[in-house]
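A closer look at the structure
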Amino acid sequence: MKLDSLSFIEGVPDHIGTRSSRSKSGKKAKNKGSSFERKIAKIMGDWWDSKFYRTPMSGGSQLRHDYNLAGDLSTPAEDFPFHIECKNQEALGKFHGFLYSKKSAVWKWWDQCVSECPDGQIPMLIFTKNHAPNFVMLPQNVWDKLSSSITVDVDTPSFVIRVDSVAVVALETVTGINKDIICKCLDRY
């Protein structure tokens, strides 16, 4: 018995086998996020003198509990105290927007970072948007401990934006702090 093409494809949705513009934009966003994670992994590896890896499925792996694979980046360095989430999205809008609006995407990202942070680690959100510098959001009490033990280099960007219980600083400022100082300061976090 020979099937005619119409009866064979009955019940198959029209969009099967075609590419939609939605899937293309989704792929672009995923590639953009993956690229940002690789860039941050390199920066963090140079800073901490250890390898950093993109976490399988960006923190969604079922292995995360057995192998401490939480967040977007993971490292075998046992002395690394942070849980890192990376976000590179235009949803950030105007940078100052998160200062006065709890509807800003930054707060959703921060909530995710805090809620997924394993015990004993410190949430660290690294975020940016196109053509903007990289920023780090940390709990304010953590930044206060770190900043009290550093001297600011004139050539290093040194601003702190405090909103509620968090501090936002340039990534360069954080990675400019010696890892031994960080370990010493945060020993009793």
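Here the structure is shown first, and the text comes after it.
The structure reproduced in this document is the subject of the present report. This one's a predicted model, so the numbers in the text were calculated from it and none came from an experiment.

**Quick word on the overall build of the protein chain**
Counting its secondary structure elements, the protein chain contains 8 helices and 7 strands. Burial analysis of the protein chain (189 residues in total) assigns 38% to the buried set. As displayed, the protein chain has an accessible area near 12000 Å², and 52% of this comes from carbon and sulfur atoms.

**Here's the deal with the side chain of T128**
Within the fold, T128 resides in strand β4 (residues 122–128). Within the structure, the side chain of T128 is placed 2.9 Å from the backbone oxygen of P133, a separation counted as a polar contact.

**Examining the pairing of strand β7 (residues 166–170)**
Counting buried positions along β7 gives 5 out of 5 residues, so the element sits mostly inside the fold. Neither face of β7 is open: one carries V166, V168 and A170, the other A167 and V169, and all of them are buried. Here 5 bridges tie strand β5 (residues 135–139) to β7, and the two strands are oriented antiparallel to one another. Across the sheet, residue L138 finds its bridge partner in β7, namely A167. By the bridge criterion, 3 bridges tie strand β6 (residues 161–163) to β7 in an arrangement that is antiparallel. Bridging across to β7, R162 finds its partner in A167. Where β6 hands over to β7, the hairpin turn is made up of 2 residues, of which D164 adopts a positive phi near 50°.

**Quick notes on helix α6 (residues 140–147)**
Taken together, the buried positions of α6 are V142, W143 and L146. Along the axis of α6, the buried residues cluster in a sector spanning 95°; they form a single face. Its buried side turned inward, α6 meets β4, β5, β6, β7, α7 (171–175) and α8 (179–185).

**Some words on the pairing of β4**
Burial runs high along β4: 7 of the 7 residues are buried. Burial of β4 is two-sided: the residues I122, M124, I126 and T128 facing one way and the residues P123, L125 and F127 facing the other way are all buried. Here 7 bridges tie strand β3 (residues 82–88) to β4, and the two strands are oriented parallel to one another. When the sheet's bridge partners are listed, E85 is paired in β4 with L125. Where β4 and β5 come together, 3 bridges link them in antiparallel fashion. Looking at the pairing, I126 lines up with V136 of β5. Hairpin remark: β4 followed by β5, antiparallel, with 6 residues in the connecting loop; positive phi at H131, about 65°.

Rules behind the numbers
Residues numbered from 1 in each chain as written. Predicted model: local features only at pLDDT ≥ 70, side-chain atom pairs only at ≥ 80, totals over all residues. Heavy atoms only, no water. Helix = DSSP H or I, 4+ residues; strand = E, 2+ residues; numbered from the N terminus. Buried < 20%, exposed > 50% of the residue type's maximum accessible area, 1.4 Å probe, protein only. Areas by Shrake-Rupley, 256 points an atom, 1.4 Å probe, with all protein chains shown as cover. Polar contact = N/O pair within 3.5 Å; in protein donor to acceptor, adjacent residues only side chain to side chain. Pairing = 2+ DSSP bridges. Arc of directions from axis to C-beta. Contact = heavy atoms within 4.5 Å.

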